[in-house]
Amino acid sequence: MTTFIKEIEDFDLEQTLECGQCFRYMKLDDGHYKVIAHGKVLEVMQKNNEIHFHHTTLEEYHDTWVHYFDLDRDYRGIKSSFEEDLVMKEAIAYKPGVRIIKQEVWECLISFIISQNKAIPHIQKIIKNISEAYGDYIGDHDGEKLYTFPTPEQLREATEQDIRDLKAGFRAPYIIDATRRVLTGELDLHGLQELTTEEAKKELLQIKGVGNKIADCVLLFSLGRHEVFPIDIWVKRVMEYFYLKEDTKLDAIQVYAKEKFGRQAGFAQQYLFYYAREKKIGK
DNA sequence: CAGCAGGTGCAAG
DNA sequence: CTTGCACCTGCT
């Protein structure tokens, strides 16, 4: 175990972790981050274009973190493909170091089920509550015990009331439904990788509490379907404000975005989302 | 205290 | 098929 240093362009650790796509990270006083993913706690920091992965190995870096942070992809090329669009150019210039994290499918699904009608700190709190109650202990931070996000098997005995008590509120039955579907084999999480985007989305939409937006988030943030364009309230606002100039139905925004951004739409979504949320565009 | 937040299900038109 | 509203919870 040692520190592994990677030099990289077009990547900003803070922007990538805090752009709203993932929830299990902590910023430390010294600017380091702790990230919980893949059953591990990663301590990581950025110094200019160097990323320092602490207490890890070259092997773990290659097996886990390079994929998690999407470090093999050419973001320079992706960004330049958008830059003739002046809105995109502005959004990219604002947070040029965002990358799309590749999360574990199960955790991503439950995280975005929880996200509905909630702000990020609340989402993080509920995920933490569920992890502490059902996940595995994986270490300490500042006197606090850290836990993995529980597997469907670990959630097997949880009742709706149990989950409700962890502050999940009306989302509790949705989480129970997702767990049940995975445990019975009705939903094959691993199998989603093999399906087309359209087929995988259809599977995800079977789950109670999963609609268009959450299904798209799972497709983009855990299944690597970079052509999907999740539309939440901020993306709706930013699209209406800069492009459509009037109140527009989600379906129509979807069509417009697909037309405009093509198979890279997911990346465009993330730059636009972050820009809109930070600048409170259209609010 | 009422209103609202990174949506969705459900009942009514 | 489209629209409007309730929904846990916690913060303003």
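Model, not experiment: these values are computed from the prediction. (Residues numbered from 1 in each chain as written. Chains lettered and ligands numbered in written order. Predicted model: local features only at pLDDT ≥ 70, side-chain atom pairs only at ≥ 80, totals over all residues. Heavy atoms only, no water.)

1. Quick notes on the sheet that holds strand β2 (residues 25-27)
Remark on secondary structure: sheet strands pair via backbone hydrogen bonds, oriented parallel or antiparallel. Read across the sheet, 5 strands follow the order β1-β5-β4-β3-β2 without closing on themselves; strand pairing throughout is antiparallel. For this open sheet the edge positions go to β1 (2-7) and β2, each flanked by a neighbour on one side alone. Between one strand axis and the next, the sheet turns through 25 degrees on average, direction left out of account. Strand direction decides the pairing type here: β2 and strand β3 (residues 33-37), joined by 3 bridges, are antiparallel. Following the sheet pairing, K27 is matched in β3 by Y33. On the sheet, helix α2 (residues 58-68) packs against β1, β3, β4 (40-47) and β5 (50-56) and is oriented at approximately 125 degrees with respect to β5. (Pairing = 2+ DSSP bridges. Helix = DSSP H or I, 4+ residues; strand = E, 2+ residues; numbered from the N terminus. Axes fitted to C-alpha atoms, helices over the stretch in contact; angles between N-to-C directions. Contact = heavy atoms within 4.5 Å.)

2. Here we look at the protein's contact with DNA strand B
Around DNA strand B, the surrounding shell holds 22 residues, and the nearest of these are G20, N117, I120, G209 and G211. Those atoms of DNA strand B that come within 4 Å of the protein belong to sugar or phosphate at a rate of 50%. Contact distances for DNA strand B include 2.9 Å between a phosphate oxygen and a backbone N or O atom of G209. K213 is positioned such that a nitrogen or oxygen atom in its backbone is 3.5 Å from a phosphate oxygen of DNA strand B. (Near = heavy atom within 4 Å. Polar contact = N/O pair within 3.5 Å; in protein donor to acceptor, adjacent residues only side chain to side chain.)

3. So, the protein's contact with DNA strand C
Near DNA strand C, the surroundings consist of N117, K118, H122, R164, K167, G169, F170, R171 and K249. Per the 4 Å cut-off to the protein, sugar and phosphate atoms form 68% of the nearby atoms of DNA strand C. Here a base oxygen of DNA strand C and a side-chain polar atom of K118 are 2.7 Å apart. Per-class residue counts for the surface near DNA strand C are 1 nonpolar, 3 polar and 5 charged. (Nonpolar A, V, L, I, M, F, W, Y, C, P; charged D, E, K, R; others polar.)

4. Focus: the domain arrangement of chain A
Looking at the assigned domains, one finds that chain A contains domain 1 (2-72), domain 2 (74-97 + 225-283) and domain 3 (105-221). Summarising the inter-unit geometry, the C-alpha centres of domain 2 and domain 3 are found 26 Å apart. On the domain 3 side, the residues contacting the 13 residues of domain 2 number 12 residues. Summed over both partners, the interface of domain 2 with domain 3 buries about 950 Å², with 55% contributed by carbon and sulfur atoms. (Domains from an automatic or database assignment. Buried area = accessible area lost by both parts, 1.4 Å probe.)

5. Remarks on the layout of surface pockets
In this model, the largest pocket occupies a volume close to 570 Å³. In terms of lining residues, the largest pocket is bounded by 27 residues, among which S115, K118, I123, K213 and D232 are the most central. Taken together, the elements giving at least two residues each to the lining of the largest pocket come down to α5 (105-115), α6 (120-134), α10 (212-221), α11 (233-244) and α13 (265-279). Broken down by class, the residue content of the lining of the largest pocket amounts to 14 nonpolar, 9 polar and 4 charged. (1 Å grid on protein atoms, 1.4 Å probe; cavity = no way out; pocket = protein on both sides within 12 Å on 5 of 7 lines; lining within 4 Å. Points joined across faces, edges and corners; volume = space filled by probe spheres on them.)

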